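These are the residues of each chain, in order.
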Amino acid sequence: MKKIITLFFLLLLTGCQDQVFSKDLFYMNTYINIKIYHHDQELVNKTFSDIEQIYQKYDQLCDRYKKHEYNLYYLNNELEKNQEIEIDKRLYDLLKVSKDYYLKTNKFFSIALGNVTDVWTNNKELPSYEELKASGSTDLDDIMLKENYIFSKNSDVSLDLGGIAKGYVNNIIKEYLHDKGIKKYLITSGTSSILIGEHYQNEKYRVGLINPLESEKIYKVLKLNTNSISTSGTIDNYYEFSGEKYSHIINPFTLYPDNYSLSVTVIAPDPILTEVLSTTLVLLPIEEGKKLAEKYDVEVIWFTKDGIIETEGIKNYE
Amino acid sequence: MNKNDWILIIIIIFISFSLLLFFKLTNQESNQALVYNDNKLILTIDLTKDDKYQVMGLNGEVDIEVKNNQIRVTSETSNYHLCSKQGYISKSWETIVCLPNKIIIRVTSLDQNYDVILR
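In this text, all values refer to a predicted model and were calculated from it rather than measured experimentally.

A. Expanded view of the interface of chain B and chain A. With 17 residues of chain B at the contact, the number on the chain A side is 26 residues. Those elements giving two or more residues to the side of chain B that touches chain A turn out to be α1 (3-26), β2 (40-46) and β8 (116-118) of chain B. The element best represented in the side of chain B that touches chain A is β2 of chain B, accounting for six residues. In terms of strand pairing, strand β8 (residues 205-210) of chain A meets β8 of chain B through three bridges, oriented parallel. Bridge pairing in β8 of chain B places Leu 209 of chain A opposite Leu 118 of chain B.

B. Region of interest: the nonpolar core. Residues and elements named next belong to chain A. The biggest cluster of nonpolar side chains holds 80 residues, and the ones touching the most others in it are Leu 161, Ala 165, Ile 187, Val 266, Val 298 and Val 300. When we break this core down by domain, the ones giving at least three residues each are domain 1 (19-60 + 164-317) and domain 2 (81-152). With residues near it in sequence (within four places) discarded, Leu 161 still touches Cys 62, Leu 72, Leu 94, Ser 98 and Ile 111.

C. Inspection of the sheet that holds strand β13 (residues 263-268) of chain A at higher detail. Residue and element names in this part refer to chain A. Spatially, β1-β2-β6-β7-β10-β13-β14-β15 is the arrangement adopted by the eight strands of the open sheet, whose pairing is antiparallel. In the strand order of this sheet, the two ends are held by β1 (19-27) and β15 (307-310), each with one partner. This sheet shows a mean twist of 10° between the axes of neighbouring strands, independent of strand direction. Of the strands in this sheet, β2 (30-38), β6 (185-189), β7 (193-196) and β10 (227-233) touch helix α7 (residues 165-180), which is tilted by about 10° from β7.

D. The domain arrangement of chain A, seen in detail. All names here are of chain A. For chain A, the assigned domains read domain 1 (19-60 + 164-317) and domain 2 (81-152). Distance between the C-alpha centres of domain 1 and domain 2: 23 Å. Each partner contributes residues to the interface: domain 1 has 13 residues there, and domain 2 has 21 residues. Taken together, the elements giving at least two residues each to the side of domain 1 that touches domain 2 come down to β11 (238-241) and α8 (271-282). Per-element tally for the side of domain 1 that touches domain 2: the top contributor is α8, with four residues. Among the residues forming the side of domain 1 that touches domain 2, the class breakdown is 11 nonpolar, two polar and no charged.

E. Examining the confidence of the model for chain B more closely. Residue and element names in this part refer to chain B. Averaged over every residue, the pLDDT of chain B is 81; the share at 70 or more is 85%. With pLDDT under 50 throughout, residues 26-30 is counted as low confidence; its partners more than four residues away or in other chains account for six contacts. Scored as a complex, the prediction yields pTM 0.75 and ipTM 0.76.

F. Quick look at the sheet that holds strand β3 (residues 85-86) of chain A. Residues and elements named next belong to chain A. Spatial ordering of the open sheet is given by β3-β5-β4, a layout of three strands whose pairing is antiparallel. The sheet is open, and its two edges are formed by β3 and β4 (143-146), each paired on a single side. As paired strands, β3 and strand β5 (residues 149-152) are joined by two bridges and run antiparallel to one another. When the bridges of β5 are listed, Ile 85 appears paired with Ile 150.

Rules and cut-offs
- Residues numbered from 1 in each chain as written.
- Chains lettered and ligands numbered in written order.
- Predicted model: local features only at pLDDT ≥ 70, side-chain atom pairs only at ≥ 80, totals over all residues.
- Contact = placed C-beta atoms within 7 Å.
- Helix = DSSP H or I, 4+ residues; strand = E, 2+ residues; numbered from the N terminus.
- Pairing = 2+ DSSP bridges.
- Core = buried A, V, L, I, M, F, W, Y, C linked by C-beta atoms within 7 Å.
- Buried ≥ 20, exposed ≤ 12 C-beta atoms within 10 Å, placed from the backbone.
- Domains from an automatic or database assignment.
- Axes fitted to C-alpha atoms, helices over the stretch in contact; angles between N-to-C directions.
- Nonpolar A, V, L, I, M, F, W, Y, C, P; charged D, E, K, R; others polar.
- pLDDT = per-residue confidence, 0-100.

Structure follows, in structure tokens:
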């Protein structure tokens, strides 16, 4: 009888296993799905609400179109006054990281293209270079950051954090989950970036990459664990003029979507790095891109018109 | 081994199988629906949770309902209301197309060879 009771308790213990909890959010113009595998429902609910607060805060801070306390909209307007501007510390840190990447990518990753993307978004016809050039400054060198203050040498720069905000917030959430000791999770932001924790059954998550030419087909499945993966490309985001599609990734030097790849997928532990580099690599010739990938120790898949090119390490994820 | 040991073994086997059956039956978490707006994936819906959703189509809001692992459109802005008339769908690759709203809802099974997609 004793044995039976012991065994019964053992069986009860196995019932106390991890469960999947899922939450959908909509922030930064993106549907976000968070999955957490854990046995403590209370902890998970608290985590969900904390994560939502993080998204909500950065959604407001990075908003170009609506004013919130010391946010990006406020900053873009204040830049016109040519004086030192104090902004939210969190936005300052995000701008600092953005400018660092601008310098690290030989100025290919720029957050100063707001004026130009506005023309691309609102124009009825294909804009000319002159039109784009006349829309305002796109020079991030004009923006100075010093001790929580921003100063601009040029009053008509318009900052846009669309290319980095998601990755930046994912990094904050990654650190938050780490601090809470939550290891098994999967966070999907839209359809272009995923933050990957440990798998719930000690396996690997299978990430299907969609063919940019045939949006119903998967051209490759990668197996990943505790990593971050981002894709940039033309498939979901483009401008259309007289039936012709133009990528939303603008080359800061030509102001046109001069893209070398249809889509670029980047894998690395750092979600900021994958977000920034996937955008940057679309704008670079493959050989130059390979050097950048090597420098930052990331794995890359380029989907070009002429075929698929991969870095060496991709085969470890197959 | 005496008689009690045999009883114990049988009980354990019985409990194991009933637990296995229980998890197989309750763990139908294999289905989801994908919602596309103008060919862009805008929402992934878990069909195991009864819930209501609203998405913006070209003409206005499209209301979606999930019930008993099935999904349907309850109301939409269009002339003929074809997609709400279609009723529930639940099988893999079944599709509701709201043409005037450019909204497409497709049921997919998660037991494919991937967990999540990237594009």
